[in-house]
Amino acid sequence: MISFVLPSATCDFQMSSSDKGWLTAAPMLGMVIGSYFWGCLADTKGRKVVLIGALLMDGICGLLSSISQVYWLFMIMRFLNGFAITGAMGICFPYLGEFQPNKYRETILCWMELFWTFGVIVLPGIAWIIIPMEFEYLTDSFKFASWNLFVAACAVPSILIGLWLFFFPESPKFLLECGEADAALEVLRDMYASNTGDDGGNFPVVSLREKVRTMSVVSQQSARSIRSLRIRKPKELKLLLREIWEQTKALCTPPHLRYTIITCLIQFGLTTSYYTLMIWFPELFYRFEEFENMHPNEKATVCEVSSVVITPNATLGHTEFCGEPIADSVFLHTLIIGLACIPTSFWLPLCVHRLGAKFFLVFSLIVAGAVTVGLYFVDSTMTNLILSCIFEALTSLGISTVYCVMVDLFPTNLRVMAAALSLTFGRGGALIGNLLFGFLIDLNCVVPIVLFATMLLGNDHSVIILE
């Protein structure tokens, strides 16, 4: 979202290049800090309540950012947006997966990838409709323009979905893990009634065997459910923190250590490359358009374009904040990149049982790595667009496949925390990658291309040893 509002926000907040860099980094920094926080809460307090909290926080902070009148407040709100939305991203896969039987779980989770694609397509469409509108509400101390309306529109879905989730049940697997067998059975009865149309009382299972909670600190010291612990009470807070610490240690010791390391490495390589290059592709589009305007009918590589375009602009100061509005081609290119994801989004759930999740991970990493190498040979806006489409389709496919695999790799009590830990590595890598790419692309553009291609291709080895 930030990439679409940046030109207008730069004008209103009179941002320098460093200000824009911090604003772009703020949501990612929030994701790095928030990932493990939400994961710990979800594995101790429940999937549903934490998912609702994360979504409502994201929506409210989004609305507040849309009416922010000063740069620092807008940046803080976007940081909190990143902090909140990473919780929803890490929890939604385990939450959905824990309602599915093993036979269908992988396929249904893969169908969720299709809705990520819908989001990638819908966002530039909404931006293209709202941002170019000549709309502005202005008073002595308040300004609300079309770009503010776009920010507010992007916040509404989180609020609506967060409120909708109040009518959904808690994960029955999580309830059983917490020792709440009766509550889990009640959820299963409701699921039976919804799926069959029959009365829930006719559900053939009359009781559930409580899981032996050998790893739970709470179960060793009391018969209470971990969900009942209150943070406001010091003794219960201490018990809750001990539970989180024990679960964290479990992730970092055998037999889970191997899977923790592998998934963190895969997320780091995929997410670093994905977020860095997808944020910088529009910049490459701009550089090629500038070069083609300056040198009609000439071909040049990314490195040659950078050296030609950047040199004359290097002497410009930061006194002029209000430039040209976003060109229609930027919206169109982003829309095309989203549409390019549709084939892989359908391919994954339709063939994941036949080909296996490992095949999709290896395939996406190899092709995405090859496309990254191909960036060096890009010589026009069109070839840049084609490679952007392939890269987006394959990396988003790989990231979604990792989430699907993790649901099966880790037990219920560690599942969300493991996803959150890998998310932390991924978002941290994305933050570092953006800072490095901005510095290296002008210094020596071969270095970031080789770096990201190596991370993608090198992760193939990690996937191959993943069982």
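Residues numbered from 1 in each chain as written. Predicted model: local features only at pLDDT ≥ 70, side-chain atom pairs only at ≥ 80, totals over all residues. Heavy atoms only, no water.

Taking an unreviewed UniProt entry as the reference, the protein chain is identified by name as Major facilitator superfamily (MFS) profile domain-containing protein belonging to Phaedon cochleariae. Quoted verbatim from the Subcellular location (unreviewed entry) field of UniProt, the annotation for the protein chain is "Membrane". (UniProt positions renumbered as here; feature names shortened; annotations may be inferred.)

Colleague: I'd like a rundown of the packing of aromatic side chains, residues and numbers included.
Modeller: Scanning the entire structure with this criterion turns up 24 aromatic pairs. Between F4 and F150 the ring centres are 6.4 Å apart and the planes differ by 85°, which places this aromatic pair in the edge-to-face class. A residue pair is termed long-range when its members are at least 10 positions apart, and F4 in helix α1 (residues 2-13) and F150 in helix α6 (residues 146-164) qualify at 146 residues. F150 sits in the buried class, given a relative accessible area of 0%. Centroid distance F37 to F83: 5.4 Å. Interplanar angle 35°. Geometry classified as tilted. Here F37 is found in helix α2 (residues 17-45), whereas its partner F83 is found in helix α4 (residues 71-97), with 46 residues between them in sequence. Judged by relative accessible area, which is 14%, F83 ranks as buried. Aromatic rings pair up to connect F4, W128, F150 and F331 into one cluster. (Phe/Tyr/Trp six-rings, centres within 6.5 Å; stacked < 30°, edge-to-face > 60°. Helix = DSSP H or I, 4+ residues; strand = E, 2+ residues; numbered from the N terminus. Buried < 20%, exposed > 50% of the residue type's maximum accessible area, 1.4 Å probe, protein only.)

Colleague: Tell me about the pattern of salt bridges, residues and numbers included.
Modeller: Under the counting rule described, the total for this entry stands at 7 salt bridges. E246 is the partner of K249 in a salt bridge, and the nearest nitrogen-oxygen pair spans 3.7 Å. With K249 and E246 both in helix α10 (residues 234-251) and 3 residues apart, the pair spans about one turn of that helix. Of the residues examined, E246 reaches a relative accessible area of 27% and is grouped as partly exposed. Residues joined by salt bridges that share partners form a network here, namely D43, R47, E98 and R415. (Salt bridge = Lys/Arg side-chain N within 4 Å of Asp/Glu carboxyl O.)

Colleague: Quick rundown of unusual backbone geometry? Include the residues and the values.
Modeller: Between P254 and P255 the backbone carries a cis peptide bond, its omega angle lying at 5°. Within the element layout of this structure, P255 appears in the loop between α10 and α11 (257-294).

Colleague: Summarise α1; cite the residues concerned and give the values.
Modeller: In an α-helix, one turn spans 3.6 residues; hence positions three or four apart end up facing the same way. Along its 12 residues, α1 runs just 14 Å from first to last C-alpha, ending more than 12% under the 16 Å computed at 1.5 Å per residue. Residues of α1 that are buried: I2, F4, V5, L6, A9, T10 and F13. (Expected span 1.5 Å × (residues − 1).)

Colleague: With reference to specific residues and values, describe the side chain of T272.
Modeller: Looking at the element boundaries, T272 is found in helix α11. For T272, the side chain forms a polar contact with the main-chain oxygen of F268, separated by 2.5 Å. Polar side-chain contacts of T272 include one of 3.4 Å to the backbone oxygen of G429. For T272, the residues in contact, after removing those within four places along its chain, are Q267, G426, G429, A430, G433, F452 and M455. (Polar contact = N/O pair within 3.5 Å; in protein donor to acceptor, adjacent residues only side chain to side chain. Contact = heavy atoms within 4.5 Å.)

Colleague: Hey, could you go over the confidence of the model for the protein chain for me, with residue numbers and the actual values?
Modeller: When pLDDT is averaged along the protein chain, the result is 82, and 87% of the positions lie at 70 or above. The secondary structure element of the protein chain with the lowest average pLDDT is helix α9 (residues 217-221), at 49, and the one with the highest is α6, at 95. A low-confidence stretch, residues 311-319 stays under pLDDT 50, and its non-local contacts, those more than four residues away or across chains, total 3 contacts. (pLDDT = per-residue confidence, 0-100.)

Colleague: Break down the side chain of H333 for me, citing the residues and quoting the values.
Modeller: Here H333 lies in helix α13 (residues 328-339). When its relative accessible area of 11% is taken as the criterion, H333 is described as buried. In contact with H333, other than residues within four places in its own chain, are F285, E289, T381 and L385.

Colleague: Tell me about the state of the cysteines, residues and numbers included.
Modeller: Scanning the model with the defined rule gives 0 disulfides in all. The closest cysteine sulfur to the non-disulfide-bonded C252 is located on C264, 8.3 Å from its own sulfur. Residue C252 is classed as partly exposed on the basis of its relative accessible area, which comes to 42%. Just so you know, C341 is unpaired, no disulfide at all, and the nearest cysteine sulfur is the one on C389, 7.9 Å from it. (Disulfide = S-S within 2.5 Å.)

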